[in-house]
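The chain contents come next:
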Amino acid sequence: MTGLASLGLTTEQEQLYRRLLRDPGAPLDPSLPAVTELRALGLLDDALNAAAPAVAVDLLVRRRIEHTQRRLAELSLAWDVLTELTEEHRSGRPVQMVEHLPDGPAVHRRMRLLLHDDPGEFTHLKERAVAPDGGDVPAGGLLARGLRSRTLFSARALADPGQEQHARGRHALGDLHRVTTEPIRHLAVVNRAVAFVQADPADPAAGALQIRQRGVVAMLADVLDGMWERARDLDDLPLSPIEQQVLHALTRHDTDDAAARALHISVRKLRAHVADLMARLGAATRFQAALLAKERGWL
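Let us look at the structure shown here.

## A look at the overall build of the protein chain
And step 1. Within the protein chain one finds eleven helices and eight strands.
And step 2. Within the protein chain, the proportion of its 299 residues that are buried is 37%.
And step 3. Long-range contacts, defined as pairs at least 24 residues apart, comprise 63% of the intrachain contacts of the protein chain with a sequence gap of at least 6.
And step 4. Taken as a whole, the protein chain presents about 17,500 Å² of accessible surface, with 55% of it coming from carbon and sulfur.

## Focus on a positive patch on the surface
And step 1. Taken together, Arg63, Arg64, Arg70 and Arg145 make up a surface patch of like positive charges.
And step 2. By secondary structure assignment, the location of Arg70 is in helix α3 (residues 53–91).
And step 3. Overall, the relative accessible area of 35% leaves Arg70 in the partly exposed class.

## Overview of a nonpolar patch on the surface
And step 1. Nonpolar side chains collect at one region of the surface, where Val57, Val61 and Ile65 lie side by side and expose about 210 Å² of accessible area between them.
And step 2. Position of Val57 relative to the elements: it lies in helix α3.
And step 3. By relative accessible area, which is 36% here, Val57 ends up partly exposed.

## A closer look at empty space enclosed by the protein
And step 1. Throughout the structure, instances matching the rule amount to two cavities of 30 Å³ or more.
And step 2. Empty space within the largest cavity amounts to approximately 50 Å³.
And step 3. Of all the secondary structure elements, the ones that give two or more residues to the lining of the largest cavity are β2 (121–126), β5 (187–190) and α7 (214–230).
And step 4. Grouping the constituent residues of the lining of the largest cavity by class yields five nonpolar, two polar and four charged.
And step 5. Taken as a whole, the second largest cavity encloses approximately 40 Å³ of empty space.
And step 6. Breaking the lining of the second largest cavity down by element, the ones donating at least two residues are α6 (161–173) and β4 (175–180).
And step 7. Along the lines of polarity and charge, the residues of the lining of the second largest cavity split into three nonpolar, three polar and four charged.

## With respect to the sheet that holds strand β7 (residues 208–211)
And step 1. Spatially, eight strands are ordered β1-β7-β6-β5-β2-β3-β4-β8 in an open sheet, and the strand pairing comes out mixed. If you trace the sheet from one side to the other, it starts and ends with β1 (98–101) and β8 (232–233), each paired once.
And step 2. Here β2 runs beside strand β3 (residues 148–154); their pairing, made up of six bridges, is parallel. Residue Glu121 lies in a different strand from β3, and its bridge partner there is Arg148.
And step 3. Packed onto the sheet, helix α4 (residues 104–117) meets β1, β2, β5, β6 (194–198) and β7 and runs at close to 170° relative to β6.

## Here we look at unusual backbone geometry
And step 1. One non-glycine residue with positive phi stands out, namely Leu48, at about 65°.
And step 2. Here Leu48 lies in the loop between α2 (33–41) and α3.
And step 3. Among the residues examined, Leu48 registers a relative accessible area of 17% and is labelled buried.
And step 4. One non-glycine residue, His264, lies in the positive phi region at around 60°.

## Points about the packing of aromatic side chains
And step 1. This model, assessed by the stated rule, comprises zero aromatic pairs.
And step 2. In this structure, Arg150 packs its charged tip against the face of Trp228, placed 5.4 Å from the ring centre.

## Remarks on the pairing of β7
And step 1. As defined by bridge partners, β1 adjoins β7 across four bridges and the pair is classed as antiparallel. In the strand pairing of β7, Leu101 is matched with Ala208.
And step 2. As paired strands, β6 and β7 are joined by four bridges and run antiparallel to one another. Its bridge partner being in β7, Ala195 is matched across the sheet by Ile211.

## Brief notes about the pairing of β6
And step 1. Of all five residues making up β6, four are buried, and the element is well covered by its neighbours.
And step 2. Both β5 and β6 contribute to a ladder of four bridges, which runs antiparallel. Note on β6: the bridge partner recorded for Leu187 is Val197.
And step 3. Hairpin connection from β5 to β6: three residues lie between these consecutive antiparallel strands, with Asn191 at a positive phi of about 55°.

## Quick look at the pattern of salt bridges
And step 1. Inspection of every chain in the model, using the stated rule, returns 17 salt bridges.
And step 2. A salt bridge links Arg156 to Glu127, with the shortest nitrogen-to-oxygen separation between them at 2.9 Å. One end of the pair, Arg156, is in the loop between β3 and α6; the other, Glu127, is in the loop between β2 and α5 (140–144), with 29 residues separating them in the sequence.
And step 3. Residue class for Arg156 comes out exposed when judged on its relative accessible area of 55%.
And step 4. In this structure, Arg150 engages Asp225 in a salt bridge whose closest nitrogen and oxygen atoms are separated by 2.8 Å.

About the criteria used
- Residue positions are given per chain, counted from 1 along the sequence in the order it is written.
- pLDDT decides what is reported in this predicted model: residues at 70 or higher carry local features, side-chain atom pairs at 80 or more are listed and counted, and totals for whole chains, interfaces and linings draw on all residues regardless.
- Each side-chain value is worked out from all heavy atoms of the structure, with water and hydrogens disregarded.
- Put simply, DSSP H or I for four residues or longer makes a helix, DSSP E for two residues or longer makes a strand, and each gets a number counted from the N terminus.
- Burial classes follow relative accessibility: with a 1.4 Å probe on protein chains only, a residue under 20% of its type's maximum area counts as buried, one over 50% as exposed, and anything between as partly exposed.
- Here, residues are in contact when the closest pair of their heavy atoms is within 4.5 Å.
- In these tables, accessible area is a Shrake-Rupley quantity obtained with a 1.4 Å probe, and a residue counts as shielded only by the protein chains included in the view.
- What makes a patch is a set of residues exposed beyond 30% relative accessible area and free of salt bridges, joined within 9 Å when like-charged and within 5 Å when nonpolar (Val, Leu, Ile, Met, Phe, Trp, Tyr).
- When a carboxyl oxygen of Asp or Glu is within 4 Å of a side-chain nitrogen of Lys or Arg, the pair counts as a salt bridge.
- Under the counting rule used here, the positive set is Lys and Arg, the negative set is Asp and Glu, and His together with the chain ends is not counted.
- By convention, the charge on Lys lies at NZ, on Arg at CZ, on Asp at CG and on Glu at CD.
- The method works on a 1 Å grid over the protein atoms by themselves. A cavity is a set of points holding a 1.4 Å probe that cannot get out, a pocket is an open set with protein on both sides within 12 Å along at least five of seven lines, and residues with an atom within 4 Å of a point line them.
- Grid points are joined across faces, edges and corners, and a volume is the space filled by probe spheres set on the points.
- Lys, Arg, Asp and Glu make up the charged group, whereas Ala, Val, Leu, Ile, Met, Phe, Trp, Tyr, Cys and Pro make up the nonpolar group; the residues left over, Gly among them, are polar.
- Strand pairing follows a simple DSSP-based rule, namely that at least 2 bridges must link the two strands.
- Axis angles are defined between N-to-C directions and span 0 to 180 degrees, where every axis is a line fitted to C-alpha atoms and, for a helix, only to the segment in contact.
- Pairing of aromatic rings covers Phe, Tyr and Trp, the last counted by its six-membered ring, and requires centre-to-centre distances within 6.5 Å; plane angles under 30 degrees mean stacked, over 60 mean edge-to-face, and any other angle means tilted.
- Remark: a charge is flagged as sitting over a ring if the NZ atom of Lys or the CZ atom of Arg is within 6 Å of the ring centre and within 35 degrees of the ring normal.

Spatial relationships are all this shows, so hold off on functional conclusions.
Here it is in structure tokens:
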């Protein structure tokens, strides 16, 4: 296989692309199938100009990589199918409506495989916003492909400032985050078709159960929907004690030095808290921050 055929182009597509590179002004019938296909691939723009060779090859290579990744994901799932078929052959009945996954990394891999094949909807209930293994489900690439994702985590996690910062970062990417005060049991639902629950809530190392039984998954999805509706947006979180003290100190003192002394903190620390409050309120000035804080009932 030579030329651009190795990157997925047909003979007709490659011939047309090469001709337009050699002669950009050549007459061209826009209704030709090869023209439509090259436009879909990004090798022709709306004016039917050919993309530069470096751009074209980069697009084709990325397309081939994505195709290969999808194929590898499908092959990985084949081992799960083999397990199912072997057990059905042994027992004589359908199995794997409920499957035990041994640990967190195995659960995350399974979720990612399911979402990679069909990036539809993902809802996650967990104790902390940051995954213990440092990896996020869903990954950013899935969000870019249009995945609708919601993550609900415990308000207790906000005692760690890094949790809110991480949650806001993910929220900005499209993985919507809310906070709940309700009891947490780790739970995730993929495309309203597959659910993942803790195998043993008393033992985090016990792994998780993957559930495909439609009635159970539908019920768990409804539970998550209800908790999401009752949860609070990140911008509606109550102030921490130090944030309340900083806000009130600013209204009582004329300078940062005086406010910092009253709170027994450094000026630098005070200004860091003020900057966080202004960002949270979406305020451009301290005066505007005060007005917005009063509107929210914080003052």
